[in-house]
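What follows is each chain in one-letter form.
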Amino acid sequence: MKLSFGVFLIVVGVFGPCRLVAAQNLVPLTDDVDVPLLPSGITSSDVEMFGELVYLWEDGQDANIVHFVGDFELQVGHRRMNADEAVIWMVRKSYKGKSYTAFEIVLWSNAQVVEAEGTVTRGPVLFATMNAGGRVRTSADRKTFASSRDTAGYQRALRVRTAARVPRQEASEYDGLTVIEFTGDATPTAVEAPLVSYQGEDTTIEMLDGQTIVTVIGDVYVFRGDAGGRDALELRADAAVVYLADGSSDNGEESFEDRPGRAGSRGTVEDDRGILSGIGREDTDAMGFGTAGNVEAVYLEGDIVLSTGDRSIRASRLYYDFANDRAIILDAVFRALEPVRQLPIYVRADEIRQLSARKFQAKSAKLTTSEFFTPHYHLGVEELTLIDRTRRDPILAEQSRGFSGSAKLKHSSFNLSGVPLLYWPYANASLRETETSIRSLRTGYSGDFGLELETEWALFNVLGLESPPGFDGRLLLDYFSERGPGAGVELDYLSDDYFGLYRGYYINDTGEDNLGGWLRDEHPDTEHQGRTTFRHRQYLPADWQLTFELSYVSDKNFLEEYFESEHDEAKEQESLIYLKKQKDNWAFTSLLQYRINDFHIVTERLPDFSFFLIGKPVGDFATWFSENRAGWNRYRWGKRDIGQMLIYDYPTSGSGTVARADTRQELEIPLAIGDLRLVPFASARGTAWDDSPQSGGVGRFFGSYGIRGSMYAWKVDPQINSELLDINGLRHIVKADIIAWGSTANLDSEDLYVFDETVEEVDEVDGVSFGLRQRFQTKRGEQGRQRVVDLLTFDLEVGLFNDADGEEYTNGFVSYSRPENSVTRNYANASMIYRVNDATQVLSEANFDLNDGAIDHLAMTLAVERTPRLSYLFGYRYIGKLESNLLGAGVNYRINEKYAIGVREQFDLDRGTTAEFDIGIVRKFPRWYVGVTFAVDEVEDDLGVSMSIWPEGLPSAAIGSSRFTGLATSTSISEGFR
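Residues numbered from 1 in each chain as written. Predicted model: local features only at pLDDT ≥ 70, side-chain atom pairs only at ≥ 80, totals over all residues. Heavy atoms only, no water.

Asker: Explain the overall build of the protein residue by residue, including any values.
Answerer: Helices and strands together make up the secondary structure of the protein, namely 7 helices and 49 strands. When the 978 residues of the protein are sorted by exposure, 44% land in the buried category. Summarising the internal contacts of the protein: among those between residues at least 6 apart in sequence, 55% fall at separations of at least 24. Counting every atom, the protein has about 49,500 Å² of accessible surface; 54% of that belongs to carbon and sulfur. (Helix = DSSP H or I, 4+ residues; strand = E, 2+ residues; numbered from the N terminus. Buried < 20%, exposed > 50% of the residue type's maximum accessible area, 1.4 Å probe, protein only. Contact = heavy atoms within 4.5 Å. Areas by Shrake-Rupley, 256 points an atom, 1.4 Å probe, with all protein chains shown as cover.)

In structure tokens:
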């Protein structure tokens, strides 16, 4: 739509913002009786299956086969099945003309079935049957329509299916879900061992004690497996002794030239290296190859390289027993690619033993990411046992790069330049996420804490346990010379049916808290300080969910002193039980909440019940919203500092247990007049309390009414172009909005205990808010690849109240959906973002308080990214209520390939002093980084110097401050500024 500016101003002056809530059709109350219902044993839900690799094929007997390999999951309604591998037979059937699918499912390895009621069946192998009338969907990272009939996994599942069918012969074909734990023998048919071949410049054959031995000298090459296969094993060396299986040669003098070809040969084809691929059961003398498949073992010396996939081992001597997949490797260097960050991992050991195809043991080992013989840092281990669990399916070869598995470490130590810094006697590590026992170690010095040593360990690895699926645990071991030793445990967990966390920490604090302002040099109430926080949410059947929280903190300063980011940004510390049922557009809740920490200001619920209905259509013309509460509440006053009381105007007394009933009903009538959207609304709230601060039991009626409105207008002008301003056409989008309302009440909030700000703390206030939101868009980028970007966004908003007494502490604010919850200070607000180009942005925001006639908030920022070398940011921030008048700056600069520097400064213009100053220098070494940080904090009167060391790709494992670790890889504002 194109709109003249004059007409637009008239419309904006009369109308304003709105939302249109479309009326919905009512849900039918009865089913179509003409459609036959399925038996109770046939669910009507859809079936969804997920995994890493899936084979999809037909067995020729009316069954569709779905074979999943890797992280299998099946969902049908509220039921769930999981396993490492699964084979599903699906047959289409019908019941009274209505079709459904019969499933037979074999779950292999880590198998579990979770019923809708929460019952869980687990076992190494499970056989399940069910019937479903819904759609069947499969989703996998890789998909193939090839048959898996000849794979060991399918043959094993077929044996389970055949054996498990016997006890089900009398079962009805319409039965519901049944699960059988299989305990029989499901060992698949043995697979023929892969072929082994060898070559060299000079070969000599001899017999020794009935054993045929071949000595190979010069450019030795031994190969096992199929060419191109992921399990192909290659061995190269200067010399080798090859041990052939009994009967490989009739006598020690028979030469390869004289031996006839054998039946069943695959034939030979010369590849581009001159090495024969696909060696069959015949010998070829020209290249010095031995008989494929007859090699029993091999001993190699001199410049040995063993490689399989992207992993390799270099050694001086090696013996490999092909018959039993065992090996002894001396003076070994193992190299593998870390799968997540694609960094190399090196293991250097005096001796490595291969105990089986997937189990290795190393003596006197060094683990590091450095390729140097003497690494700058390494993890030293007296004995390392490694179990390889990397997937081997050839179809997954591209996506399963890297190594995954588990490791056991005995007598391990973290070493820097050969000097051991940390020691641990025993650990069990999961390498699925390239995780070792120690996750991070930080050291430094500050005036408040003295010498700082903070370490974080993988909890389950330290305990020698495998991490349960979905669980992540951390052990914190710290020491502060001015405070004392500290220890803690952090646990996070996640499942399809629940999630939660635990945070625990204790420190014997002998120092003083210094949080700035009036909180300087404050002695804690006790030296025994700490916290315990537990949060859990459980999803229950029938759309119910249960939340449990328990929190204890030793004193009011603990979190701010030791976990400042959690104190400033995270959820409040609460103790409660919360039950909720939510379905469609309604919800029922029950909340029981009790205060444990006496310094927290809390409304206790003893308990409180609520019912919400959102967006219920009323005919075809209106929408109804309903909010209802009933219960017992108690307001608990907390211990506060006098400075906090003066700033935030906290009430200084609590209440007894008060019974409260509250209901709020709102009706909206959406209208459309051309492009104008209007929503007249009216709400009524009635609340009763059996006690109040002054007059005992009271009741209050609160009513409000008003209108919301909005209108969009836009214009496109492709002729506006500027090479200087990087503008290629211009689109101008304007949204004008307004909300105006009035209200009435028979009681003020001052006459009530404030249990909820949205219930008790609403007063009889009338107001109006006007807004004008503008967005200018253009195209940027090279021709043929241009993209639309927001060149300029500029928003204006004015809020006016007829009873704005100016007692509110914060800036004025109008709530669009609940105008009675607005902050009643008259204000005018403007904000702007101007993207000068892809590297430069200008941001600003200002709030003018009409009650005071002054600007009470102003912020301006210039951000420039000239990556990869330079990024800088300048900003100004003024907050009148806090008397904060700060000028800030930050610069990231990469001096050269080895050095980068970052500087942060906040200058207090009122006091003429530096509030905070930080400077960090990062030096790059091969596979690791070193950073030095100098910090001044005049707010908390603190001075700190620290050094950081971290391996490439693992900034979370930094030794020292992590403030400038982002400079290692990027100088951008988004990566390097914190």
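The rest of the description comes next.
Asker: Quick one: what's the story with unusual backbone geometry, residue by residue and with numbers?
Answerer: Residues L606 and P607 are joined by a peptide bond in cis, for which omega reads -10°. With respect to the element layout, P607 can be found in strand β32 (residues 602-618). With a phi close to 50°, D219 is a non-glycine residue in the positive phi region. Look at D331: it is not a glycine, yet its phi comes out positive at around 50°. Of note, D331 is situated in strand β17 (residues 326-337).

Asker: Quick one: what's the story with the packing of aromatic side chains, residue by residue and with numbers?
Answerer: Pairs of aromatic rings are described using the distance from one ring centre to the other and the angle between the two planes. A complete count under the given rule lists 20 aromatic pairs for this structure. On the basis of an interplanar angle of 20° and a centroid distance of 5.3 Å, the ring pair of F471 and Y493 is categorised as stacked. Placement of the pair is F471 in strand β25 (residues 471-480) and Y493 in strand β26 (residues 484-494), with a sequence separation of 22 residues. Taking relative accessible area as the criterion, F471 reaches 25% and is therefore assigned partly exposed. An aromatic cluster of at least three residues, connected via ring pairs, comprises F480, Y505, F558, Y562 and F563. (Phe/Tyr/Trp six-rings, centres within 6.5 Å; stacked < 30°, edge-to-face > 60°.)

Asker: Please set out the nonpolar core residue by residue, giving values where relevant.
Answerer: Grouped together as the largest cluster of nonpolar side chains are 39 residues, with contacts concentrated most on V298, L300 and F322. When neighbours within four sequence positions are excluded, L300 is seen to be in contact with V220, L235, R236, A237, A239, A240, S316, R317 and L318. Ranked by size, the runner-up nonpolar core spans 24 residues in total, among them V54, L74, M90 and A111. (Core = buried A, V, L, I, M, F, W, Y, C linked by side-chain atoms within 4.5 Å.)

Asker: Tell me about empty space enclosed by the protein, residues and numbers included.
Answerer: Gaps left between atoms show up when a probe the size of a water molecule is rolled over them. Throughout the structure, instances matching the rule amount to 6 cavities of 30 Å³ or more. A volume near 60 Å³ is recorded for the second largest cavity. For the lining of the second largest cavity, the per-class residue count stands at 3 nonpolar, 6 polar and 2 charged. (1 Å grid on protein atoms, 1.4 Å probe; cavity = no way out; pocket = protein on both sides within 12 Å on 5 of 7 lines; lining within 4 Å. Points joined across faces, edges and corners; volume = space filled by probe spheres on them. Nonpolar A, V, L, I, M, F, W, Y, C, P; charged D, E, K, R; others polar.)

Asker: Let's hear about the environment of A240: which residues, and what values?
Answerer: Position of A240 relative to the elements: it lies in strand β12 (residues 233-244). Taking the C-alpha atoms as reference, A240 lies 9.0 Å from Y221; in sequence the two are 19 residues apart. Contact partners of A240, with chain neighbours within four places excluded, come to V214, T215, V216, V220, V298, Y299 and L300.

Asker: Can you tell me about the pattern of salt bridges, naming the residues and giving the values?
Answerer: Throughout the structure, instances matching the rule amount to 44 salt bridges. E549 is the salt-bridge partner of K571, the closest N and O atoms lying 2.9 Å from each other. A residue pair is termed long-range when its members are at least 10 positions apart, and K571 in the loop between α5 (564-569) and β30 (576-583) and E549 in strand β29 (residues 544-553) qualify at 22 residues. K571 gets classed as partly exposed once you look at its relative accessible area, which sits at 37%. For D852, the salt bridge is made with R825, and the minimal N-O distance between the two is 3.1 Å. Here R825 lies in the loop between β40 (787-801) and β41 (827-837) and D852 lies in the loop between β42 (840-849) and β43 (854-866), a separation of 27 residues in the sequence. Taking relative accessible area as the criterion, D852 reaches 49% and is therefore assigned partly exposed. When its relative accessible area of 2% is taken as the criterion, R825 is described as buried. (Salt bridge = Lys/Arg side-chain N within 4 Å of Asp/Glu carboxyl O.)

Asker: Any chance you could break down a nonpolar patch on the surface for me, citing the residues and the numbers?
Answerer: Together, L540, L546, F548, L550, Y552, I577, L592, Y594 and I596 make up an exposed nonpolar region whose accessible area comes to about 750 Å². In terms of residues, the nonpolar patch owes the most to one element, β29, which gives 4 residues. When you line up the elements, I577 lands in strand β30. Given a relative accessible area of 37%, I577 falls into the partly exposed group. (Patch = residues over 30% accessible without salt bridge, like charges linked within 9 Å, V, L, I, M, F, W, Y side chains within 5 Å.)

Asker: I'd love a proper account of a negative patch on the surface, names of residues and values included.
Answerer: On the surface, E201, D202, D219 and D238 cluster together into a patch of negative charge. Its place among the elements puts E201 in the loop between β9 (196-199) and β10 (202-208). (Lys, Arg positive; Asp, Glu negative; His and termini not counted. Charge placed at Lys NZ, Arg CZ, Asp CG, Glu CD.)

Asker: Could you give me a rundown of the pairing of β42, with the residues and numbers involved?
Answerer: Here β41 pairs with β42 via 10 bridges, running antiparallel. Note that in β42 the partner of R835 across the bridge is Q841. Taken together, β41 and the strand that follows it, β42, pair antiparallel across an intervening segment of 2 residues. Note: β42 against β43, 10 bridges, orientation antiparallel. Along β43, the bridge assignment pairs N847 with H857. Taken together, β42 and the strand that follows it, β43, pair antiparallel across an intervening segment of 4 residues, in which G853 is found at a positive phi of about 70°. (Pairing = 2+ DSSP bridges.)

Asker: Account for the confidence of the model for the protein, with residues named and values stated.
Answerer: Summarising the model, the protein shows a mean pLDDT of 77, and 77% of its residues fall at 70 or more. A low-confidence stretch, residues 248-293 (pLDDT under 50), is modelled with 84 contacts involving residues beyond four sequence positions or located in other chains. Contacts of residues 392-402 to residues separated by more than four positions or lying in other chains number 32 contacts, the stretch itself having pLDDT below 50. (pLDDT = per-residue confidence, 0-100.)

Asker: So what's going on with the environment of Q112? Which residues, and what values?
Answerer: Looking at the secondary structure, you find Q112 in strand β5 (residues 98-114). With 39 residues separating them in the primary sequence, Q112 and E73 have C-alpha atoms 9.7 Å apart. For Q112, the residues in contact, after removing those within four places along its chain, are R80, M81, N82, L107, V120, T121, R122 and L126. For Q112, the side chain forms a polar contact with the side chain of R122, separated by 3.1 Å. (Polar contact = N/O pair within 3.5 Å; in protein donor to acceptor, adjacent residues only side chain to side chain.)

Asker: Any chance you could break down the pairing of strand β33 (residues 622-636) for me, citing the residues and the numbers?
Answerer: As defined by bridge partners, β32 adjoins β33 across 13 bridges and the pair is classed as antiparallel. Bridged to V618 within β33 is A622. Across 11 bridges, β33 lies against strand β34 (residues 658-668) in antiparallel orientation. Each residue of the ladder has a partner; that of A630, found in β34, is A661.

Asker: Before we move on, could you go through the side chain of E668 and cite the residues and values that matter?
Answerer: Mapped onto the fold, E668 is located in strand β34. Since its relative accessible area comes to 0%, E668 is described here as buried. Of note is the side chain of E668, whose polar atom sits 3.0 Å from the side chain of R708.

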